[in-house]
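Residues per chain are reported as follows:
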Amino acid sequence: MARAPAGARAVLLGALLCCCAAAAGNPGLPTAVNITWSSVNFKTILKWQPKPSGYFYTVEIHGETSDTKKKCIMTTETECDVTDALRNVKETYTAHVLSVKSLVEDNFEEPLFASSEKFTPYNQTIIGKPEIQHHTQEDSKLNVVFRDPLTPYMFPNGSFQSVRDIFKHDLEYKLYYWKDQSSGKKDATTKSHMFDVSVDNKNNYCFYIQGIIPSRRENRNGQESMVLCTTVERTILDEYGAEVFIIIAVVAIAVIALAIILAVILCKRKKAKTAREKQPLNGV
């Protein structure tokens, strides 16, 4: 069998190399690393490294049962808001971060990509800070009214769904409260929008609220609300109790006794003056 000319062999070798390169993607492009999910109240951001130079990224979201969705197509950023692609919050997703050389898609070249860890929004999103709307401390009752965090997802009427609308009975809230200037905390739990707990009416109290998903193994506790403190109006008697009462009583008795003594002295002086005025003058 005759051997092919050297020029033909070179052309054939180049074609084989091109085919191999096409099958393997573009080996000169780096793939994404450190791919992480960041999700609060179901707003989910995918992050990765490194910053691209001379190439682009495209994100693909793969669900277990849903169709693949592309987000942040041909971006030079290293993060992507993928919230809209995760509307079925109980489904488990995987993200592929594709490294793409050209803005023009090449049907003959499979882009290189890196895969994220699996992510299930319902199990892994963090519950954000509840909003405290109203609080009072009257007598021995501390009352706190709050509102659920909102999600990016909407009802058909255009209003935003809250985390309670999605989690329903899986969601509860815990109130942590303590005497002002004290480190000893107490707590109470509710599935409603209000706490009503018994407290010492002689002390100010500080508190915060936190959402909790008890059924979770991880990310059970949500973000803490801002810390607020109550203010109790106190009288002097409330502040110092029996000691002040005794002092006031002693002062009052002393004032009354002094008034009586002065009245007696003045009365005696008046009688003595009257008696002197009635005596006849000497030599008359």
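Located above this text is the structure these notes cover.
Here is what the cut-offs are and how they apply
Residues numbered from 1 in each chain as written. Predicted model: local features only at pLDDT ≥ 70, side-chain atom pairs only at ≥ 80, totals over all residues. Heavy atoms only, no water. Disulfide = S-S within 2.5 Å. Buried < 20%, exposed > 50% of the residue type's maximum accessible area, 1.4 Å probe, protein only. Salt bridge = Lys/Arg side-chain N within 4 Å of Asp/Glu carboxyl O. Helix = DSSP H or I, 4+ residues; strand = E, 2+ residues; numbered from the N terminus. Core = buried A, V, L, I, M, F, W, Y, C linked by side-chain atoms within 4.5 Å. Domains from an automatic or database assignment. Contact = heavy atoms within 4.5 Å.

With that settled, consider the state of the cysteines. This structure, assessed with the given rule, holds two disulfides. In this model Cys-72 forms its disulfide with Cys-80; the gap between the sulfur atoms is 2.0 Å. Linking Cys-72 and Cys-80, the disulfide has an S-S dihedral of approximately 95° and is accordingly described as right-handed. On the basis of relative accessible area, Cys-80 is assigned to the buried category, the value being 1%.

Further remarks concern the pattern of salt bridges. Counted under the stated rule, the structure contains seven salt bridges. Across the pair Lys-51 and Glu-77 runs a salt bridge, and its minimum N-O distance is 3.8 Å. On the criterion of sequence distance, the pair formed by Lys-51 in the loop between strand 2 (43–49) and strand 3 (56–63) and Glu-77 in the loop between strand 4 (69–75) and strand 5 (79–81) is long-range, its members being 26 residues apart. For Lys-51, a relative accessible area of 53% corresponds to the exposed category. For the salt bridge of Lys-179 with Asp-200, the shortest nitrogen-to-oxygen distance reads 3.9 Å. A residue pair is termed long-range when its members are at least 10 positions apart, and Lys-179 in strand 12 (residues 172–179) and Asp-200 in the loop between strand 14 (194–198) and strand 15 (205–212) qualify at 21 residues. Judged by relative accessible area, Asp-200 falls into the partly exposed class, the value being 29%.

What follows covers the nonpolar core. Grouped together as the largest cluster of nonpolar side chains are 44 residues, with contacts concentrated most on Leu-46, Trp-48 and Ile-61. Counting only domains with at least three residues in this core, you end up with domain 1 (33–123) and domain 2 (131–236). If we skip the residues at most four places from it in the chain, Trp-48 touches Ala-32, Val-33, Asn-34, Ile-35, Tyr-57, Val-59, Glu-77, Thr-78, Glu-79, Cys-80 and Val-97.

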